[in-house]
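# Overview (structure and organization)
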Amino acid sequence: MAKRRWPEVTLNDLVPAERKRNMAVIQDFLGTLERALVKSPGSLSATTKLSDIAELDSVGRLSVMVMADSEYAFLLEAEALERCKTVEELFLLITGGRQ
């Protein structure tokens, strides 16, 4: 009996395509947020607490509100921003969970 040869598979092949796309959307959001707050690329993650972001002062909050409107056509109110605890919560609020 001939040996069955399995195709070569990488780790990325094991991750569903939908997950890859969602990760790309979140990464794009992180980059947009970093630019709005004038932060170094890669300095934020989904789990970053908003309270830990020094640049998120009154001017930074206004910048995030402008970013939400200009990049995502979302009217982010100050009270809603205050309720967000992490970057992921902010992402879900602004994008409405659409990924």
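Note that the structure is predicted; figures quoted are calculated from it, not measured. (Residues numbered from 1 in each chain as written. Predicted model: local features only at pLDDT ≥ 70, side-chain atom pairs only at ≥ 80, totals over all residues. Heavy atoms only, no water.)

## Points about the overall build of the chain
A tally of helices and strands in the chain yields 5 helices and 0 strands. Listing each helix as α and each strand as β along the chain from the N terminus yields α-α-α-α-α. Relative to its 99 residues, the chain shows a buried fraction of 28%. Taking as baseline every contact in the chain between residues at least 6 positions apart, the subset at least 24 positions apart corresponds to 51%. (Helix = DSSP H or I, 4+ residues; strand = E, 2+ residues; numbered from the N terminus. Buried < 20%, exposed > 50% of the residue type's maximum accessible area, 1.4 Å probe, protein only. Contact = heavy atoms within 4.5 Å.)

## Brief notes about the confidence of the model for the chain
When pLDDT is averaged across the chain, the result is 85; 77% of the residues are at 70 or more. Within the chain, helix 1 (residues 11-14) has the poorest average pLDDT of any element, 53, and helix 3 (residues 58-72) the best, 96. (pLDDT = per-residue confidence, 0-100.)

## Describing the pattern of salt bridges
Counted under the stated rule, the structure contains 2 salt bridges. Here Glu 55 ties to Lys 39 by a salt bridge, and the two come within 3.2 Å at their closest N and O atoms. Pair noted here: Glu 55 is in the loop between helix 2 (17-36) and helix 3 and Lys 39 is in the loop between helix 2 and helix 3, with a separation of 16 residues, a long-range link. Arg 61 is the salt-bridge partner of Glu 82, the closest N and O atoms lying 3.1 Å from each other. Of this pair, Glu 82 sits in helix 4 (residues 78-83) while Arg 61 sits in helix 3; the two residues are 21 residues apart in sequence, bridging distant segments of the chain. (Salt bridge = Lys/Arg side-chain N within 4 Å of Asp/Glu carboxyl O.)

## Points about the packing of helix 3 against helix 5 (residues 87-95)
Helix 5 packs onto helix 3 with a crossing angle of 45° between their chain directions and a minimal axis gap of 11 Å. Relative to helix 5, the element helix 3 is oriented oblique. Between helix 3 and helix 5 lies a crossing of right-handed hand. When helix 3 is examined against helix 5, the residues Val 64, Met 67, Ala 68 and Tyr 72 are found in contact with a partner set consisting of Leu 90, Ile 94 and Thr 95. Of the residues in the contact of helix 3 with helix 5, the class split is 6 nonpolar, 1 polar and no charged. (Axes fitted to C-alpha atoms, helices over the stretch in contact; angles between N-to-C directions. Parallel < 35°, antiparallel > 145°, perpendicular 65-115°, else oblique. Left-handed = near helix turned anticlockwise from the far one by under 90°. Nonpolar A, V, L, I, M, F, W, Y, C, P; charged D, E, K, R; others polar.)

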